[in-house]
Amino acid sequence: MQRGQGGKVPFGWNNPRVRSFVYQAAVLGIVLALVWFFTATAQENLARLNISSGFGFLDTTAGFGIIQTLIPYTEQSSYGRAFLVGLLNTLVVAVIGIVLSVMLGFLIGVMRLSRNWLVAKIAAGYVEVMRNVPLLLHLFFWYFAVLRPLPGPAESIEPLPGVFLNNRGLILPEPVFGATANAFFLAIAAALIGGFFLIRWARKRQVATGQLFPAWRASVALLVILPGVVWLVAGAPFELEFAEHAGFDFAGGMRLLPEFVALVLGLTLYTAGFIAEIVRAGILSVSKGQREAAAALGLKDSTTLRLVVIPQALRLIIPPLTSQILNLTKNSSLAVAIAYPDLVAVFAGTVLNQTGQAIEVIALTMAVYLTLSLITSLLMNWYNARIALKER
Amino acid sequence: MGMEDITGRPAPRSKRLTPLVWAQRNLFSSVSNTILTLVSAYLLWLTIPPVLDFTIFSAVWTGTTREACLAPGAGMCWPFIWANIDQFIYGRYPPEEIWRVNLTFALGAAVIIPMLIPGLPARRLNLVFLLIVYPLVAIVLLAGDRPGLRPVPTSEWGGLLVTLVVAVTGIVASLPLGVLLALGRRSNMPAIRMLCIIFIEFWRGVPLITVLFMASVMLPLFLPEGVNPDNLLRVLVGVALFSSAYMAEVIRGGLQAIPPGQYEAARALGLTYWQAMGQVVLPQALRHVIPGIVNTFIGLFKDTTLVLIVGIFDLLGQVRAQLSDPNWTMPQGALTGYIFAALVFWAFCFGMSRYSTFMERRLDTTRER
């Protein structure tokens, strides 16, 4: 739309500026009127139905139990505490799901481009099956059709020694850290910091002198050797505590609820299908000439992949990958359908039913997801800007 | 390079592509490739036979009651599907009125299929019919809110019918809304641009479940006393707003791909803003993003399953409901029901995604690899 040239067009309907102002004022007016109407109606309804408003309810005793709590929580805790428990449960599922689905997605995406016919077809089949079935159906399938019908604790399936799978969940051995654990973790931290500086130094030296130093390999060696030496000298930093049959159930070990396992499985398998397609498209987008030029310069296949193909592919992969990561976070709210106590199930479910304060509860829940979306996209935008094409 | 006389040589023999040569090239070209092939074959051996066994070879195909499926080792219980197929398609819609649903489906197919075939004439007329006439006819037929038809409340709708109603409403409402929002987001007027950005980013930032919760528990609080739209209608409004935000971003992508010269030329010819957009820019932009629109529709189609969380029985919800029927309790019940639902959803979504790939190929004449 062209703007008027200030004084040249006479004031009036033919002046685009005047028109634009009138349109905007009209639209804003309508929006404000709607907002005012809905607020007034809501106040009237709340008064009529005797529903209190405000966030005071967050301090009230909740009075219900939650099956998975990462922070101390009892029935005497407040609604605010229940909100935090739900939020943490959402975050833990989202983070684990993101890590697993990105790894699986990259693997499948690369497999789909394999020169091996069978490998490529398996990956293609995976993508077509997983992507075209609704996520909720994935969750129902894993939860109601696979995990819930499993035998009880007495006849648990033991896929690996010390790992038990039954209708009460997945029971893993729990690492119990001993006295030397601190030294072990210190060694890992030292190796990570050392590796970071080694890589920086090697890059600087290569820029200055052109000499290569196998910094990555040296760092990995550091990461294996340092903690390894500490392990050998000071003894094992942790012991695995295996779960044991105790009465009708297991004692000890680490227990993952079936709801949690189903949710992570469903989210991971579903989202990995989408990520695989993004990765494939990204790698395909790097033109053949780039590989050929790298080969002509005498670069090895692995070096070509690391220095030429992947950096260019990442540029195309990151933006859609961000939206997949956001989708996974938002999709974790489907937990409510299989009764995993995430934010939506605990807060927009139980708390809403008990307090009846729909407006506050839904607004707070939406605000959490909006904030999570905002933080994720800010982080990914920052990373994207870092790897973007630097034009000079 | 030195020249060599090759006139006297016999023509090179081409290696014929026998299955053995093909396998050697594609499966066993090197040691690592051979290992990969063997590992993959083992993985397939672990997964495919049990699946085929359950769904086909050990499956129970005939019978009318669950007793047919209770034999030890029996696989998928198809009698369960046959016995409940009406519920899966129509929900609790009165059996003697089912012809109205079938008529609606048939009309819908008659409108949509010609739209999908490229090169058929009268597409604009067809689009108008799909966006305006068909929804009205469908509402009258399904709800029966007219003399001569028996009214059927939406609480009796269910199954595939609800899945399609939610999905089609989502797409029909989101196309025009999405176009308006996309234009608004690219407008020169700051107030309108800001409103559109806030609207789009809000709906894209929250999960559909919270939108559905909002529609079913929060919306009634914002409406005057006595105004009480039914649950399905409220959910449809939520779905329409939600999908219009996603549609707006897809269409915005198309608008960005059209060079500004097109719009400027149209304005120079004396067209107004709406004429320039409607006759010149949008037809090009929308054609560019047909694959994106189809993909949004696939996403929406899968997301319709979430309505079961707010108590509306779509196909998946109906499968769940029939599974809790005591007449059909059996060990393989859940697997049977969910595999069947997965097959139905898969068929729809796979078909649509194939169509989207087909259109992408047709539209993209420049890419040659």
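Residues numbered from 1 in each chain as written. Chains lettered and ligands numbered in written order. Predicted model: local features only at pLDDT ≥ 70, side-chain atom pairs only at ≥ 80, totals over all residues.

### Description of the overall build of chain B
Part 1 of the reasoning: For chain B, the count of helices and strands is 14 helices and zero strands.
Part 2 of the reasoning: Scanning chain B from its N terminus toward the C terminus, one meets helices and strands in the order α-α-α-α-α-α-α-α-α-α-α-α-α-α.
Part 3 of the reasoning: Rg of the C-alpha trace for chain B: 27 Å, well past the compact-globule value of 21 Å for 369 residues, more than 25% over.
Part 4 of the reasoning: For chain B, the spread of C-alpha atoms along the three principal axes comes to 95 × 75 × 40 Å.
Part 5 of the reasoning: Residues classed as buried in chain B amount to 33% of the 369 residues present.
Part 6 of the reasoning: For chain B, the proportion of contacts with a sequence separation of at least 24, taken over those separated by at least 6, is 67%. (Helix = DSSP H or I, 4+ residues; strand = E, 2+ residues; numbered from the N terminus. Rg over C-alpha atoms; globule rule 2.2 N^0.38 Å. Buried ≥ 20, exposed ≤ 12 C-beta atoms within 10 Å, placed from the backbone. Contact = placed C-beta atoms within 7 Å.)

### Comments concerning the overall build of chain A
Part 1 of the reasoning: Each helix and strand counted, chain A has eleven helices and eight strands in total.
Part 2 of the reasoning: The globule rule puts the C-alpha radius of gyration for 392 residues at 21 Å, and the 28 Å found for chain A is more than 25% above it.
Part 3 of the reasoning: In terms of its C-alpha atoms, chain A occupies a principal-axis envelope of roughly 80 × 70 × 45 Å.
Part 4 of the reasoning: In chain A, the share of contacts with a sequence separation of at least 24, taken over all contacts with a separation of at least 6, comes to 65%.

### Some remarks on helix α11 (residues 358-387) of chain A
Part 1 of the reasoning: Compared with an ideal rise of 1.5 Å per residue, which puts 30 residues at 44 Å, α11(A) spans 43 Å between its outermost C-alpha atoms and is within 8% of the ideal.
Part 2 of the reasoning: Among the residues of α11(A), those classed as buried are A:Ala358, A:Glu360, A:Val361, A:Ile362, A:Thr365, A:Met366, A:Val368, A:Tyr369, A:Leu372 and A:Ser373. (Expected span 1.5 Å × (residues − 1).)

### Details of unusual backbone geometry
Residues and elements named next belong to chain A.
Part 1 of the reasoning: Positive phi values are uncommon outside glycine, yet Ala339 reaches one of about 65°.
Part 2 of the reasoning: Structurally, Ala339 can be placed in the loop between α9 (301-331) and α10 (343-355).
Part 3 of the reasoning: Classification of Ala339 as partly exposed rests on a count of 14 C-beta atoms within 10 Å.

### With respect to the environment of B:Ile132
Part 1 of the reasoning: Following the sequence through the fold, B:Ile132 ends up in helix α5 (residues 123-143).
Part 2 of the reasoning: Through-space distance from the C-alpha of B:Ile132 to that of B:Ala173 is 9.9 Å; in sequence the pair is 41 residues apart.

### Considerations on the interface of chain B and chain A
Part 1 of the reasoning: Each partner contributes to the interface: chain B provides 44 residues, whereas chain A provides 47 residues.
Part 2 of the reasoning: Those elements that provide at least two residues to the side of chain B that touches chain A are α2 (31-57), α7 (190-205), α8 (208-218) and α14 (333-363) of chain B.
Part 3 of the reasoning: With ten residues, α14(B) is the single largest residue contributor to the side of chain B that touches chain A.
Part 4 of the reasoning: Of the residues in the side of chain B that touches chain A, the class split is 33 nonpolar, nine polar and two charged. (Nonpolar A, V, L, I, M, F, W, Y, C, P; charged D, E, K, R; others polar.)

### Points about the packing of α8(B) against helix α9 (residues 231-256) of chain B
Residue and element names in this part refer to chain B.
Part 1 of the reasoning: Two elements in contact, α8 and α9, have axes whose closest approach is 8 Å; the angle formed by their N-to-C orientations is 140°. One finds that α8 runs oblique with respect to α9. At the point where α8 passes α9, the crossing takes the right-handed sense. Touching Leu208, Val211, Leu212, Met214, Ala215 and Ser216 of α8 are Asn231, Arg234, Val235, Val237, Gly238 and Phe242, all from α9. (Axes fitted to C-alpha atoms, helices over the stretch in contact; angles between N-to-C directions. Parallel < 35°, antiparallel > 145°, perpendicular 65-115°, else oblique. Left-handed = near helix turned anticlockwise from the far one by under 90°.)

### So, the sheet that holds strand β2 (residues 163-166) of chain A
Residue and element names in this part refer to chain A.
Part 1 of the reasoning: Pairing is antiparallel across the open sheet formed by four strands, whose spatial order is β1-β2-β3-β8. Only two strands of the sheet have a single neighbouring strand rather than two, namely β1 (157-160) and β8 (254-256). Pairs of neighbouring strands in the sheet enclose a mean axial angle of 25°, with direction left out of account.
Part 2 of the reasoning: Note that strand β3 (residues 169-172) and β8 share three bridges and pair antiparallel. Residue pairing across strands places Leu170 opposite Leu256, the latter belonging to β8. (Pairing = 2+ DSSP bridges.)

### Thoughts on the nonpolar core
Most often, soluble globular proteins have nonpolar side chains that are buried together.
Part 1 of the reasoning: If you look at the biggest cluster of nonpolar residues, it comprises 148 residues, and the most contacted ones within it are A:Leu137, A:Leu139, A:Leu263 and B:Leu212.
Part 2 of the reasoning: At 14 residues, the largest contribution of residues to this core is made by helix α7 (residues 258-285) of chain A.
Part 3 of the reasoning: Contacts of B:Leu212, omitting those with residues within four sequence positions, involve B:Val235, B:Gly238, B:Leu306, B:Val307, B:Ile309 and B:Val310.
Part 4 of the reasoning: The next biggest cluster of nonpolar side chains, apart from the first, holds five residues, and it includes A:Leu165, A:Leu170, A:Ile171 and A:Ala243. (Core = buried A, V, L, I, M, F, W, Y, C linked by C-beta atoms within 7 Å.)

### Considerations on the environment of B:Ser155
Part 1 of the reasoning: One can find B:Ser155 in the loop between α5 and α6 (159-185).
Part 2 of the reasoning: Along the backbone, B:Ser155 and B:Asp230 are 75 residues apart, and their C-alpha atoms lie at a distance of 8.6 Å.

### As for the confidence of the model for chain B
Part 1 of the reasoning: The share of residues in chain B with pLDDT of 70 or more is 96%, and the mean pLDDT across the chain is 86.
Part 2 of the reasoning: Across the interface, the model reports ipTM at 0.86; the global pTM reads 0.86. (pLDDT = per-residue confidence, 0-100.)

### A look at the confidence of the model for chain A
Part 1 of the reasoning: In this model, chain A carries an average pLDDT of 86, and 97% of its residues clear a pLDDT of 70 or more.
Part 2 of the reasoning: Counting contacts from residues 1-6 of chain A, a segment whose pLDDT is below 50, to residues more than four positions away or on other chains yields ten contacts.

### Quick look at the environment of A:Leu91
Residues and elements named next belong to chain A.
Part 1 of the reasoning: Looking at the secondary structure, you find Leu91 in helix α2 (residues 79-112).
Part 2 of the reasoning: The class for Leu91 is partly exposed, based on 17 C-beta atoms found within 10 Å.
Part 3 of the reasoning: Along the primary structure Leu91 and Ser332 are separated by 241 residues, whereas in three dimensions their C-alpha atoms are 8.9 Å apart.

### Overview of the pairing of β1(A)
Residue and element names in this part refer to chain A.
Part 1 of the reasoning: Across two bridges, β1 lies against β2 in antiparallel orientation. Paired with Ile157 across the strands is Leu165, a residue of β2.
Part 2 of the reasoning: Two successive antiparallel strands, β1 and β2, enclose a turn made up of two residues, where Gly162 displays a positive phi of approximately 90°.

### A word on the packing of α9(B) against helix α11 (residues 273-288) of chain B
Residue and element names in this part refer to chain B.
Part 1 of the reasoning: At their nearest, the axes of α9 and α11 sit 8 Å apart, and the two run at 115° to each other. The hand of the α9/α11 crossing is right-handed. Mapping the contact onto sequence places Ile251, Gly254 and Leu255 in α9 and Val281, Ala285, Leu286 and His288 in α11.
Part 2 of the reasoning: Its residues assigned to classes, the contact of α9 with α11 comprises five nonpolar, two polar and no charged.

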